[in-house]
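Each chain is listed here by its residues.
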Amino acid sequence: MRQLTYVSPRVLEWRDVPEPRFKQDGDAVVRPMAVTRCDLDLFIASGAVGLPGPFAIGHETLGEVVEVGECVRNVRPGEHVIVPFQISCGACGRCRAGFTGLCEAVPYRSSYGMAPLSGVDYGCGLSDLLRVPFADHMLVHAPAGLEPEALAGVADNVTAALAFVAEPLRLRPGSPILVVGGQGKGVGLHIVQCALALGADRVVYVDQDRGSLALAERVGGEPVELALDPETPPIGQFPFTIDASGYVEGLAFAIRCTDHEGLCQRTYGDFKPATDVPLRDMYARNITLKLGRVHARAHMPAALDLMQRGRLHPEDVITRRASFDDAAEAMLDPTNKVVFTRS
């Protein structure tokens, strides 16, 4: 079968690989139908992450169930499902606590499309077929009436964006939020959408990319065009700020804009082993800094609920629609969010 493969920076190829086979009776095989590009996919494809190839790439997946193991009860062939990008069993202590991104049953950071992170190749969404372990837990039925291109991103970026704002807005309903955009071209805009869907009074979106700013305004955010440097002054004080820039200047700016006793979150770690953080400013104003991987499977139902109620429209962030056949080229498209569909 075909599988999109990251070979080296800016080099992606369709390669022939063996079709997946069941390893356990709880497995299922899914035919991917729509795959959205995660921001991390673009970082990987461009070489920014520095992962060694070759390996399968693409992990925000909606597909059709083709076959199920004899112990699978929750899904049947022919059903459309969303495949969370992280592998989790649903039964270990961490999974039961909602920490599905840290499942004890599989190697740490086990995910689709990122084999070097865990040392295990689980395949990818941009392929003819995909094996899904722990299918009764992993697979989430696609709600009727919602388009595949809207649903695929729930496997990662949409759900991650919701996780960033759900708890802060539960604790302080209606609070304004600042989002610093940049390298996180998709997730930053999904954060704007999710915050407004959950009742934030206003969401200010800072970036210097005019395409991203226009999209932020289209989905209800307040765009502010601003090039950041180490000394860029704050544009206000917000109880909650989120740095999706991926740059130290963006993080420092977000912290400067965080109010006393506020929370600043970062959407990524870093590609370097150490990052400069303005601890003095944080200490003086009692600011909390939080970052960490999303627990995708645990948060997916909340994202789908907002979509079914018509309050969240991830498809509004999509900037390019491409076929699977064009994925090797379109993966490197510099715009915000790409969706690949099977022709």
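I will try to describe carefully the structure that is included in this document. (Residues numbered from 1 in each chain as written. Predicted model: local features only at pLDDT ≥ 70, side-chain atom pairs only at ≥ 80, totals over all residues. Heavy atoms only, no water.)

## Considerations on the sheet that holds strand S12 (residues 238-243)
Here comes step 1: Spatially, S11-S10-S9-S12-S13-S14 is the arrangement adopted by the 6 strands of the open sheet, whose pairing is parallel. Each edge of the open sheet carries a strand with a single partner, namely strand S11 (222-225) and strand S14 (288-291). Across the sheet, the mean angle from the axis of one strand to that of its neighbour is 20 degrees, orientation sign disregarded.
Here comes step 2: By the bridge criterion, 4 bridges tie strand S9 (residues 177-180) to strand S10 (residues 203-207) in an arrangement that is parallel. Paired with Leu 178 across the strands is Val 204, a residue of S10.
Here comes step 3: Where helix H9 (residues 248-256) meets the sheet, its contacts fall on S9, S10, S12, strand S13 (258-266) and S14, and the angle it forms with S13 comes to roughly 150 degrees. (Pairing = 2+ DSSP bridges. Helix = DSSP H or I, 4+ residues; strand = E, 2+ residues; numbered from the N terminus. Axes fitted to C-alpha atoms, helices over the stretch in contact; angles between N-to-C directions. Contact = heavy atoms within 4.5 Å.)

## Examining empty space enclosed by the protein
Here comes step 1: Following the criterion strictly, the structure yields 3 cavities of 30 Å³ or more and no others.
Here comes step 2: Considering only enclosed or pocket space, the largest cavity measures out at about 60 Å³ in volume.
Here comes step 3: Considering the residues around the second largest cavity, the lining is formed by Gln 86, Ile 87, Thr 100, Gly 101, Leu 102, Cys 103, Val 106, Pro 107, Tyr 108, Arg 109, Ser 110 and Arg 293. (1 Å grid on protein atoms, 1.4 Å probe; cavity = no way out; pocket = protein on both sides within 12 Å on 5 of 7 lines; lining within 4 Å. Points joined across faces, edges and corners; volume = space filled by probe spheres on them.)

## Things to note about the sheet that holds strand S4 (residues 55-56)
Here comes step 1: Reading across the sheet, the 3 strands line up as S2-S1-S4 and stay open at both edges, with antiparallel pairing between neighbours. The sheet terminates laterally at strand S2 (11-16) and S4, the two strands that pair on one side only.

## Some thoughts on the packing of aromatic side chains
Here comes step 1: Evaluation of the coordinates by the stated rule reveals 3 aromatic pairs.
Here comes step 2: Ring centres of Phe 43 and Tyr 268 lie 5.6 Å apart, and the angle between their planes is 70 degrees; this geometry places the pair in the edge-to-face category. A residue pair is termed long-range when its members are at least 10 positions apart, and Phe 43 in helix H1 (residues 39-46) and Tyr 268 in the loop between S13 and helix H10 (279-284) qualify at 225 residues.
Here comes step 3: Pairing Tyr 112 with Tyr 122 gives two aromatic rings, centres 6.4 Å apart and planes at 80 degrees, and the pair type is edge-to-face. Separated by 10 residues along the polypeptide, Tyr 112 in the loop between helix H2 (93-96) and helix H3 (115-118) and Tyr 122 in the loop between H3 and strand S7 (130-132) bring together distant segments of the chain.
Here comes step 4: Using a relative accessible area of 1% as the deciding quantity, one classes Tyr 112 as buried.
Here comes step 5: In this structure, Arg 2 is placed above the aromatic ring of Trp 14, and the distance from its NZ or CZ to the ring centre is 4.1 Å.
Here comes step 6: In this arrangement the basic side chain of Arg 172 is found over the ring face of Phe 240, its NZ or CZ atom lying 5.8 Å from the centre. (Phe/Tyr/Trp six-rings, centres within 6.5 Å; stacked < 30°, edge-to-face > 60°. Buried < 20%, exposed > 50% of the residue type's maximum accessible area, 1.4 Å probe, protein only. Lys NZ or Arg CZ within 6 Å of the ring centre and 35° of its normal.)

## Here we look at the layout of surface pockets
Where empty space is left becomes clear once a probe the size of a water molecule has been rolled over the atoms.
Here comes step 1: The space that makes up the largest pocket amounts to roughly 1200 Å³.
Here comes step 2: Around the largest pocket sit 44 residues that line it, and Thr 267, Tyr 268, Gly 292, Arg 293 and Val 294 are the ones nearest its centre.
Here comes step 3: Contributions of two or more residues to the lining of the largest pocket are made by H1, H3, helix H6 (157-171), S13, S14 and helix H11 (296-308).
Here comes step 4: Among the elements that make up the lining of the largest pocket, the one with the highest residue count is H6 (8 residues).
Here comes step 5: A breakdown of the residues in the lining of the largest pocket according to their chemical character gives 26 nonpolar, 11 polar and 7 charged.
Here comes step 6: Looking at the lining of the second largest pocket residue by residue, the classes come out as 13 nonpolar, 5 polar and 6 charged. (Nonpolar A, V, L, I, M, F, W, Y, C, P; charged D, E, K, R; others polar.)

## With respect to the environment of Pro 143
Here comes step 1: Along the chain, the position of Pro 143 falls in the loop between strand S8 (140-141) and helix H5 (148-151).
Here comes step 2: Beyond its immediate chain neighbours, meaning those up to four positions away, Pro 143 contacts Leu 151, Leu 304 and Gln 308.

## Quick word on the pairing of strand S5 (residues 60-68)
Here comes step 1: Pairing of strand S3 (residues 28-36) with S5, which is carried by 8 bridges, proceeds in the antiparallel orientation. Residue pairing across strands places Pro 32 opposite Gly 63, the latter belonging to S5.

## Points about the environment of Arg 256
Here comes step 1: The residue Arg 256 is located in helix H9 in this model.
Here comes step 2: Under the relative-accessibility criterion, Arg 256 is labelled buried at 16%.
Here comes step 3: Sequence separation between Arg 256 and Thr 241 is 15 residues; the distance between their C-alpha atoms is 9.6 Å.

## So, the side chain of Gln 86
Here comes step 1: Assignment of secondary structure puts Gln 86 in the loop between strand S6 (80-83) and H2.
Here comes step 2: Among the residues examined, Gln 86 registers a relative accessible area of 3% and is labelled buried.
Here comes step 3: In this structure the side chain of Gln 86 is engaged in a polar contact, spanning 2.7 Å, whose partner is the backbone oxygen of Val 294.
Here comes step 4: When neighbours within four sequence positions are excluded, Gln 86 is seen to be in contact with Thr 100, Gly 101, Ser 110, Ser 111, Met 138, Arg 293, Val 294, His 295 and Ala 296. (Polar contact = N/O pair within 3.5 Å; in protein donor to acceptor, adjacent residues only side chain to side chain.)

Worth remembering: the numbers are spatial, not functional.
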